[in-house]
There are 2 protein chains.
Amino acid sequence: MSSIFSYSNRDFKFILKEWLPIEEIFAYPKFSDYYSKDDLDMLLDQVLKMAVEVVAPTADVCEEFGVKFEEGKVTVAPVFRELFKYIQENGWGTSNIDETAEGIMPEVVLMSIMEMIQAANPAQLSSVGLTTGAARLIQNFGDQKLKDMFLPKMFDGTWSGTMCLTEATAGSDVGDILSKAYPTDDPRIYKIKGSKQFITCGDGDFADNIIHLYLARCEGASSGTRGISLFVVPKYWVNEDGTLEDNDVVTTAIEHKMGLHGQPTAALAMGDENNCRGWLLGDPPDETGKAQGMAQMFVMMNEERQGTGMMATCVAANAYWNAKNYCKERVQGRLMSNPKGGRTEIIYHDDVKRMLMLNKATLEACRAMLHKCYYYLDIKHNDPDPARQKMANDRIEVLTPIAKAYPSDEAWGLVSESIQAHGGYGFCEDYPVAQAARDVKIYSIWEGTNFIQAQDLVGRKWTMGKGQVFADFLKDIDDFLAAKKGSCPELEKEFANLEKAIASYREIMATMGGYMAGGQMSFFQVYARRILTATGQLYGGYCLLDQALIAKKRMDELGADHYDYNFYYGKFLSAKYYLRNVVPNVWATLELVKDGDTSVGDAPVEIFEY
Amino acid sequence: MSSIFSYSNRDFKFILKEWLPIEEIFAYPKFSDYYSKDDLDMLLDQVLKMAVEVVAPTADVCEEFGVKFEEGKVTVAPVFRELFKYIQENGWGTSNIDETAEGIMPEVVLMSIMEMIQAANPAQLSSVGLTTGAARLIQNFGDQKLKDMFLPKMFDGTWSGTMCLTEATAGSDVGDILSKAYPTDDPRIYKIKGSKQFITCGDGDFADNIIHLYLARCEGASSGTRGISLFVVPKYWVNEDGTLEDNDVVTTAIEHKMGLHGQPTAALAMGDENNCRGWLLGDPPDETGKAQGMAQMFVMMNEERQGTGMMATCVAANAYWNAKNYCKERVQGRLMSNPKGGRTEIIYHDDVKRMLMLNKATLEACRAMLHKCYYYLDIKHNDPDPARQKMANDRIEVLTPIAKAYPSDEAWGLVSESIQAHGGYGFCEDYPVAQAARDVKIYSIWEGTNFIQAQDLVGRKWTMGKGQVFADFLKDIDDFLAAKKGSCPELEKEFANLEKAIASYREIMATMGGYMAGGQMSFFQVYARRILTATGQLYGGYCLLDQALIAKKRMDELGADHYDYNFYYGKFLSAKYYLRNVVPNVWATLELVKDGDTSVGDAPVEIFEY
């Protein structure tokens, strides 16, 4: 096992300082006294240094220690706890959401920071992300008492948090959970009974208490998602005097996973002794049985979905830069242009360059759409203008499933190419790419499988606000084309491809609309995931082409001898590669959708016996 | 860790009894007294039973035991040795190549058998495949003395074999190996000095001796592949009286791999004490320094390449059938067609069916092209007509890189879908799909990386015999279209797609020809792997459509109530799915090739720093 951290922060600097209009964000009152564009380089350099020096050395330790589950106790590597404390205490984690604090960072800046830290130890950092998500729910929906009771210790790394949705018999269909909540004398406190599964960081000695944000159904509430409520169920109950006592939360298993070995994934049983209590967030179910839990949980869920896209991106990016390092050193073969010459480092072979370029371009597209998402989050949370808040929220609604699923789908193939670039060494755990493959697979599954994301995109986001929300999302691309097409002769073909892609995409939508109107519902599931991929490619192409215009301008200003020229040239080439080798899949997808092959829908399930 | 074996032999029965003209093969004198079509069902059932009862129970044991390397000794699970002995002694393995034996099986039949056995314990079975490859080299190129010395014990499971090509500094460019051979008083015996790496089954206590087929350069021979000779270097030297003595072959490391944990992969040092001897196969280098080793090794290499495609196919197929089993049991959600109804097994969801169908169709395409390859091997080895021998050899030349690389490239994505179908359980080692992903990655790398295969296809096989060999290969598809197009109205669109695919493929060839003629050599590497994939899709589409015609006929004969109807309907739907959802990538690839994007070729390697 060998987790080697290799990362560049140059693309973050470009995104924050040159691409996104960060001044807008920094101008909001919450940030204006604390941040300016000029500080960004220093901040990003400091974080990269921390990732290298503090975080990365813990990765192998966590992977090798794994998770021990003995006599009901879950033990993680001691550095897991130290790192959790370090990140939280030093303000790189959960405390950034503290509404009462001064000097908190914009989400879009934190996104850059978290990508670097996460990349340095992917198994560990989810503990921070989940604590942030849990704390945000308490902050948004808890009363002052709950906030006072839980938040300070969740901000400073004393306690951690989880999200408890999945049960053994209910995963994607969370509405079918069996966990129950029974009222007590205190209307805010319920007795909880149930069991949960696949709870990331669900137990472990890295925090003194684990605060579970727990979905359960109050007696008498509606069936399905409509009747689910959200509870704060701490592992140890917090008494009024701050002392802790057992809360009948028992870990029944720790999963033996393919990757992320340092991270505890727990199965939990709540209330087997009838002694588990939880605080209800918000109101009890109303007289129709409707409860608030799912809507509340979605605040956390969307955040975790965007975070998942980032995690997939950073694991693949670290594998990509490791492949690059290997290919710079490894000598093999001769150049096709000079077959009689000496042996060459393999990075000069065009098939190797192609693998690196596919990674670079795709990962930059993922990073761009993720940052765009977080940029809109800052607008949503801070802009005084309700219209701009709505605009930002609309974009987030559309971007969330794409930003979760596109990176986590692509990462599998990208890491495969990074392994391939290592030759036989890629299959050996001495190099980090094998671990990257083992680690990265979960991201297409957790926080809603990528089919759930595709269903959300095609089923819900396409039609949200009678289709206006999605129309506005596409209009950003139309506006870009109208404003910029023809402005850069070197990117003429790339603009043409983006234009063809958006036209094709609209035809995909129209074709699917026709199928649905005609009752051909099977096509919804048959095409949803492929359409999500095409959506990611369309939006990724738009982002990269937008970036390429800036890059081209800088190239012309700086000239080829400037030390930074190759960064901009690389951005320009990423866009070219992506628009001409990846984006054409949008119209290939249209062709498949229009074809309307019914082989899947027609298939009796018995054929899969063979 | 949980290796669950789940396999069907129905497709093999179809391939051997209904698709390929197996009568031709069985009519060859070597087989005519021993085999008939009527025996095939019993044989295939017997092997599947053996795979279930004998082989599969060893898989977890091997995976969990792993490989121990202590005080220079390599230990594998005791069942590894028992299984090696069992397969070899019972005639399912190496002895089938024995030219002197009666009743050996056609290669194409053995292919079916090996796919099942291999699937049941992928880590173990390479020991058999490599022994077969090594024994075949001795049989083909050794004198009677060597045959007598080595073959009987390699046939009966006493000794095993390896292929020793790769060195720490020479993998893909085998011409740069450093291993040396020095003459001794006996002209057939050389002193060997060198070290090898990534030697599969290179050491271990599963065999009493390990016979390395070893590439080294005789003093004074040419540089590059031209000057390489092939030696038989046993771990223990075999004295005239049959006793064994140390041959200065030392294992220096055992690789810690991502998958195939039960299989020893060794680094070896030969002759550190100047005491390692090897038997030269064939003649010493001629006066121009030209040696015979590479040409000899390619006999084994081609066989291992075809075998690698089979291994990738069987690992992915086992994952597919496990996914099917899981999806039949797992209850989640409701049908879109009946959203208010009860919960359903997820195999009824069309997104799940799509994942299974993609697996089924692609794996059947892989299996078809692999069997075609072995069918041609039988013709090559047995047909009395030199013209038919040449025809068969030509097809094998073209099919080998495709049959190695296409399945091993696709397997990664297919296994990913089988994981995805398992939801969160797919990331847990309790289900076998996580292990399938870990195991399957090597197949795109070993026996020549898939880029090496693509280079072989586009650089060598396209132009072999002034292009006639490849033209003949394509003509098989033309002939099929000419004979069968219009014969089945239900497959009209599928025929049209195959016709469009072959036209597109020819345009890919013409476009690449133009680039090469114009000196745009970069495009060779930039497009080679994508072209290989398109070649696999074209040929896979041809095979499946050919099969679908038979299946449709059987459907019509049997009627929907027949117990076997769904098998044939499944074959028909596989072809539909593949021709309409996979084969269109051939013309998508043409579009990319014609575009001629130069971003990869233009890229200075410095851009990958970011």
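Source: prediction; values computed, not measured.

Cut-offs and rules
- Residues numbered from 1 in each chain as written.
- Chains lettered and ligands numbered in written order.
- Predicted model: local features only at pLDDT ≥ 70, side-chain atom pairs only at ≥ 80, totals over all residues.
- Helix = DSSP H or I, 4+ residues; strand = E, 2+ residues; numbered from the N terminus.
- Rg over C-alpha atoms; globule rule 2.2 N^0.38 Å.
- Buried ≥ 20, exposed ≤ 12 C-beta atoms within 10 Å, placed from the backbone.
- Contact = placed C-beta atoms within 7 Å.
- Least-squares fit on C-alpha atoms with pLDDT ≥ 70 in both.
- Nonpolar A, V, L, I, M, F, W, Y, C, P; charged D, E, K, R; others polar.
- Domains from an automatic or database assignment.
- Pairing = 2+ DSSP bridges.

J.: I keep staring at the overall build of chain A and nothing clicks. Help me out?
T.: Looking only at helices and strands, chain A has 19 helices and twelve strands in total. What you see for chain A is a C-alpha radius of gyration of 25 Å, in line with the 25 Å of a compact globule of 610 residues. When the backbone C-alpha atoms are referred to their principal axes, chain A occupies close to 80 × 60 × 60 Å. When burial is assessed residue by residue, chain A has 58% of its 610 residues classed as buried. Sequence-distant contacts in chain A: of pairs separated by 6 or more residues, those separated by 24 or more amount to 76%.

J.: Just checking my understanding: could you explain the relation of the copies chain B and chain A for this structure?
T.: Between the two copies of this chain, the relationship is a rotation about some axis together with a displacement along it. With an RMSD of 0.0 Å, the operation that places chain B on chain A is a rotation of 180 degrees combined with a shift of 0.0 Å along the axis. Interpreted geometrically, this transformation is the action of a two-fold axis. A share of 100% of interface residues in chain B that are also interface residues in chain A marks the association as one of identical surfaces.

J.: Is there a simple way to think about the interface of chain B and chain A in this case?
T.: Much of the literature gives interface size as the accessible area that the parts lose upon coming together. Taken residue by residue, the interface counts 85 residues in chain B and 85 residues in chain A. Elements with a minimum of two residues in the side of chain B that touches chain A: helix H1 (10-19), helix H11 (350-382), helix H12 (386-421), helix H13 (432-440), helix H17 (522-558), helix H18 (565-582), helix H19 (585-595) and helix H20 (599-602) of chain B. Considered class by class, the residues forming the side of chain B that touches chain A number 35 nonpolar, 24 polar and 26 charged.

J.: Hey, could you run me through the environment of Glu507(A) in this one?
T.: All names here are of chain A. If you trace the backbone, Glu 507 turns up in helix H15 (residues 492-517). Of the residues examined, Glu 507 has 16 C-beta atoms within 10 Å and is grouped as partly exposed. Separated by 100 residues in sequence, Glu 507 and Ile 607 place their C-alpha atoms 33 Å apart.

J.: Is there a simple way to think about the domain arrangement of chain A in this case?
T.: Assigned domains of chain A: these are domain 1 (10-154), domain 2 (160-297) and domain 3 (462-610). Here the C-alpha centre of domain 3 of chain A lies 40 Å away from the C-alpha centre of domain 2 of chain A.

J.: Which parts of the structure should I look at to understand the pairing of strand S6 (residues 209-218) of chain B?
T.: Residues in a regular strand point their side chains to alternate faces of the sheet. Residue and element names in this part refer to chain B. Extensive coverage of S6 is indicated by the burial of nine of its ten residues. Sheet topology places strand S3 (residues 159-164) next to S6; six bridges connect them, and they run parallel. Within the sheet, the bridge partner assigned to Cys 164 lies in S6 and is Tyr 214. When S6 meets strand S7 (residues 228-234), the two strands line up antiparallel, connected through seven bridges. Among the inter-strand pairings, His 212 is bridged to a residue of S7, identified as Val 233.

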